[in-house]
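Read off the chains here:
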Amino acid sequence: AIERTFSILKPDATRRNLTGAVNALIEKAGLRIVAQKRIRLSREQAETFYGVHKERPFFGELVEQMTAAPVVVQVLEGENAIAHYREVMGATNPANAAPGTIRKEFALNVGENTVHGSDAPETAVVEIAQFFSGNEIVG
Ligand code: CMP
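Report on the accompanying structure. Think of each chain on its own: its residues are numbered from 1, step by step along the sequence as written. For this predicted model, a pLDDT threshold of at least 70 governs which residues receive local features, and a threshold of 80 or more governs which side-chain atom pairs are given and counted, while totals over whole chains, interfaces and linings are taken from all residues. As a rule here, side-chain values come from all non-hydrogen atoms in the structure, and water together with hydrogens is ignored.

1. Observations concerning the pattern of salt bridges
So, step 1. Should a side-chain nitrogen of Lys or Arg be within 4 Å of a carboxyl oxygen of Asp or Glu, the pair is scored as a salt bridge. Tallying each qualifying case throughout the model produces five salt bridges.
So, step 2. The partner of E47 in a salt bridge is R43, and the shortest N-O contact between them spans 3.4 Å. Separated by four residues within a single helix, E47 and R43 lie in helix 3 (residues 43–49), roughly one turn from each other.
So, step 3. Think of it in three bands: residues with accessible area under 20% of the maximum for their type are buried, residues over 50% are exposed, and the middle band is partly exposed, with areas taken using a 1.4 Å probe on protein chains only. Accessibility expressed as a relative area gives 32% for E47, which makes it partly exposed.
So, step 4. Overall, the relative accessible area of 38% leaves R43 in the partly exposed class.
So, step 5. Here the residues in one salt-bridge network are R43, E47 and E64, joined through shared partners. What counts as a helix is a DSSP run of H or I of at least four residues, what counts as a strand is a run of E of at least two, and both are numbered from the N terminus.

Next comes the structure, spelled out in C-alpha coordinates:
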(Lines give C-alpha, C1' and ligand atoms only; values in the text may rest on other atoms or scores of the structure.)
Protein backbone atom coordinates (compact mmCIF):
# COMPACT_ATOMS: atom_id res chain seq x y z
CA ALA A 1 0.00 0.00 0.00
CA ILE A 2 1.04 3.62 -0.50
CA GLU A 3 2.24 4.93 2.87
CA ARG A 4 3.72 8.10 4.32
CA THR A 5 6.70 8.16 6.64
CA PHE A 6 8.40 10.93 8.59
CA SER A 7 12.04 11.76 7.93
CA ILE A 8 14.59 14.11 9.48
CA LEU A 9 17.83 15.17 7.82
CA LYS A 10 19.83 15.67 11.00
CA PRO A 11 22.25 18.45 12.01
CA ASP A 12 25.28 16.51 10.76
CA ALA A 13 23.67 16.59 7.29
CA THR A 14 22.77 20.31 7.28
CA ARG A 15 26.20 21.28 8.67
CA ARG A 16 28.03 19.41 5.94
CA ASN A 17 25.71 20.80 3.21
CA LEU A 18 24.47 17.30 2.37
CA THR A 19 20.70 17.85 2.22
CA GLY A 20 20.61 17.69 -1.58
CA ALA A 21 22.85 14.62 -1.69
CA VAL A 22 20.64 12.81 0.82
CA ASN A 23 17.47 13.86 -1.03
CA ALA A 24 18.97 12.50 -4.25
CA LEU A 25 19.29 9.05 -2.64
CA ILE A 26 15.73 9.30 -1.29
CA GLU A 27 14.34 10.18 -4.72
CA LYS A 28 16.53 7.64 -6.54
CA ALA A 29 14.93 5.01 -4.30
CA GLY A 30 11.50 6.06 -5.59
CA LEU A 31 10.29 7.81 -2.44
CA ARG A 32 8.51 11.14 -3.07
CA ILE A 33 9.19 14.16 -0.84
CA VAL A 34 5.61 15.42 -0.35
CA ALA A 35 6.43 17.91 2.45
CA GLN A 36 9.69 19.46 3.59
CA LYS A 37 10.93 22.32 5.75
CA ARG A 38 14.20 23.42 7.33
CA ILE A 39 13.78 24.30 11.00
CA ARG A 40 15.74 24.61 14.21
CA LEU A 41 14.36 22.15 16.78
CA SER A 42 13.72 23.60 20.23
CA ARG A 43 14.78 21.56 23.24
CA GLU A 44 11.09 20.91 23.97
CA GLN A 45 10.43 19.68 20.44
CA ALA A 46 13.43 17.34 20.53
CA GLU A 47 12.51 15.97 23.97
CA THR A 48 8.92 15.36 22.87
CA PHE A 49 9.98 13.78 19.60
CA TYR A 50 12.41 11.38 21.27
CA GLY A 51 10.29 10.85 24.41
CA VAL A 52 10.38 7.08 23.96
CA HIS A 53 14.16 7.22 24.57
CA LYS A 54 14.12 9.45 27.65
CA GLU A 55 15.44 6.77 30.03
CA ARG A 56 18.26 5.79 27.68
CA PRO A 57 21.83 6.79 28.53
CA PHE A 58 22.24 8.62 25.22
CA PHE A 59 19.09 10.78 25.60
CA GLY A 60 20.86 13.94 26.78
CA GLU A 61 23.45 13.81 24.03
CA LEU A 62 20.76 13.03 21.45
CA VAL A 63 18.77 16.14 22.40
CA GLU A 64 21.95 18.24 22.39
CA GLN A 65 22.93 17.03 18.94
CA MET A 66 19.45 17.41 17.44
CA THR A 67 19.15 21.02 18.63
CA ALA A 68 22.70 22.13 17.80
CA ALA A 69 22.06 23.05 14.16
CA PRO A 70 19.12 23.12 11.72
CA VAL A 71 17.32 19.99 10.59
CA VAL A 72 15.14 19.30 7.56
CA VAL A 73 11.86 17.60 8.43
CA GLN A 74 10.10 15.74 5.65
CA VAL A 75 7.16 13.55 4.76
CA LEU A 76 8.04 10.81 2.27
CA GLU A 77 5.41 8.93 0.30
CA GLY A 78 5.57 5.66 -1.60
CA GLU A 79 4.78 1.98 -1.71
CA ASN A 80 5.58 0.48 1.69
CA ALA A 81 7.32 3.79 2.52
CA ILE A 82 8.00 3.11 6.20
CA ALA A 83 9.95 -0.13 5.74
CA HIS A 84 11.36 1.01 2.40
CA TYR A 85 12.86 4.16 3.89
CA ARG A 86 14.41 2.15 6.72
CA GLU A 87 16.18 0.05 4.09
CA VAL A 88 17.30 3.16 2.22
CA MET A 89 18.68 4.68 5.45
CA GLY A 90 20.59 1.57 6.52
CA ALA A 91 21.34 0.42 10.07
CA THR A 92 21.21 2.97 12.92
CA ASN A 93 24.92 2.48 13.55
CA PRO A 94 26.70 3.30 10.28
CA ALA A 95 29.31 0.66 11.10
CA ASN A 96 26.56 -1.89 10.43
CA ALA A 97 24.95 -0.13 7.45
CA ALA A 98 24.87 -1.85 4.06
CA PRO A 99 26.68 -0.41 1.04
CA GLY A 100 24.67 2.18 -0.88
CA THR A 101 22.54 3.20 2.10
CA ILE A 102 22.37 6.81 3.27
CA ARG A 103 24.05 6.03 6.57
CA LYS A 104 26.84 4.00 4.95
CA GLU A 105 27.51 6.88 2.56
CA PHE A 106 27.23 9.79 4.96
CA ALA A 107 26.80 8.99 8.66
CA LEU A 108 29.62 9.83 11.09
CA ASN A 109 28.62 7.66 14.07
CA VAL A 110 25.51 6.27 15.78
CA GLY A 111 24.46 9.68 17.11
CA GLU A 112 25.38 11.73 14.05
CA ASN A 113 23.74 9.26 11.69
CA THR A 114 22.44 11.77 9.12
CA VAL A 115 18.77 10.70 9.00
CA HIS A 116 15.83 9.57 11.10
CA GLY A 117 12.86 7.60 9.75
CA SER A 118 9.69 6.37 11.46
CA ASP A 119 9.83 2.79 12.70
CA ALA A 120 6.14 1.84 12.35
CA PRO A 121 2.84 3.16 10.89
CA GLU A 122 1.57 4.35 14.30
CA THR A 123 4.82 6.22 14.92
CA ALA A 124 4.73 7.79 11.45
CA VAL A 125 1.29 9.31 12.09
CA VAL A 126 2.38 10.82 15.43
CA GLU A 127 5.72 12.09 14.09
CA ILE A 128 4.18 13.68 10.96
CA ALA A 129 1.53 15.40 13.10
CA GLN A 130 4.19 16.90 15.40
CA PHE A 131 5.65 18.92 12.51
CA PHE A 132 3.14 19.22 9.65
CA SER A 133 -0.47 20.25 9.27
CA GLY A 134 -2.52 18.52 6.59
CA ASN A 135 -2.38 21.40 4.11
CA GLU A 136 1.45 21.40 4.18
CA ILE A 137 1.56 17.88 2.74
CA VAL A 138 1.04 17.87 -1.01
CA GLY A 139 1.15 14.47 -2.64
P1 CMP B 1 17.04 7.81 15.38
O2 CMP B 1 16.42 6.98 14.32
O3 CMP B 1 16.94 9.28 15.17
O4 CMP B 1 16.35 7.45 16.78
C5 CMP B 1 17.04 7.59 18.01
C6 CMP B 1 18.46 8.02 17.84
O7 CMP B 1 19.27 7.90 18.96
C8 CMP B 1 19.10 7.15 16.80
O9 CMP B 1 18.57 7.43 15.52
C10 CMP B 1 20.57 7.49 17.00
O11 CMP B 1 21.00 8.58 16.23
C12 CMP B 1 20.63 7.94 18.47
N13 CMP B 1 21.51 7.10 19.26
C14 CMP B 1 22.60 7.52 19.91
N15 CMP B 1 23.20 6.51 20.55
C16 CMP B 1 22.46 5.41 20.30
C17 CMP B 1 22.57 4.04 20.69
N18 CMP B 1 23.56 3.60 21.46
N19 CMP B 1 21.62 3.18 20.24
C20 CMP B 1 20.58 3.62 19.47
N21 CMP B 1 20.43 4.90 19.08
C22 CMP B 1 21.37 5.78 19.48
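2. Comments concerning the nonpolar core
So, step 1. Of all hydrophobic cores here, the largest spans 20 residues; its most connected members are F6, V73, F131 and F132.
So, step 2. Those elements that place two or more of their residues in this core are strand 1 (2–9), strand 2 (32–39), helix 3, helix 4 (59–67), strand 3 (71–79) and helix 7 (121–131).
So, step 3. Considering each element in turn, this core owes the most residues, four residues, to helix 4.
So, step 4. Whether two residues are in contact is decided by their heavy atoms: any pair within 4.5 Å suffices. Setting aside residues no more than four positions away along its own chain, V73 makes contact with F6, S7, I8, A35, Q36, K37, I39, F131 and F132.
So, step 5. As used here, the term nonpolar core means buried Ala, Val, Leu, Ile, Met, Phe, Trp, Tyr and Cys residues forming a set that is joined through side-chain atoms within 4.5 Å. Core analysis: the next-biggest nonpolar cluster, separate from the first, contains 16 residues, V72, A81, Y85 and F106 among them.

3. Quick notes on the sheet that holds strand 1
So, step 1. Ordered by their spatial adjacency, four strands build an open sheet running 2-3-1-4, and the pairing between neighbours is antiparallel. The open sheet is flanked by strand 2 and strand 4 (115–117), the only strands paired with a single partner. Going from strand to strand, the sheet's axes swing by 20° on average, the running direction of each strand aside. One bridge is not enough; two strands pair if DSSP finds at least two bridges between them. Angles here are taken between N-to-C directions and fall from 0 to 180 degrees, while the axes themselves are lines fitted to C-alpha atoms, restricted in helices to the stretch in contact.

4. Some thoughts on the side chain of N23
So, step 1. Residue placement: N23 occurs in helix 2 (residues 19–28).
So, step 2. Judged by its relative accessible area of 12%, N23 is buried.

5. Here's the deal with the site of the ligand
So, step 1. The criterion for a residue being near a molecule or strand is simple. One of its heavy atoms has to lie within 4 Å of it. Close contacts around the ligand come from K10, Y50, H53, F58, L62, T92, R103, V110, G111, N113 and H116, and that covers them all.
So, step 2. Note that an oxygen atom of the ligand is positioned 2.7 Å from one of the backbone N or O atoms of V110.
So, step 3. The definition of a polar contact used here is a pair of N or O atoms within 3.5 Å, where within protein one atom must be able to donate a hydrogen and the other to accept one, and adjacent residues in sequence count solely through side-chain atom pairs. Interatomic distance of 3.0 Å between a side-chain N/O atom of H116 and an oxygen atom of the ligand.
So, step 4. Every accessible area reported is derived by Shrake-Rupley at a probe size of 1.4 Å, with residue values counting cover from the shown protein chains alone. Computed on the free molecule, the ligand has an accessible area of 450 Å², of which 76% lies beneath the protein chains in the complex.
So, step 5. Grouping the amino acids of the shell around the ligand by side-chain chemistry returns four nonpolar, five polar and two charged. Polar here means any residue other than Ala, Val, Leu, Ile, Met, Phe, Trp, Tyr, Cys and Pro, which are nonpolar, and Asp, Glu, Lys and Arg, which are charged; Gly is therefore polar.

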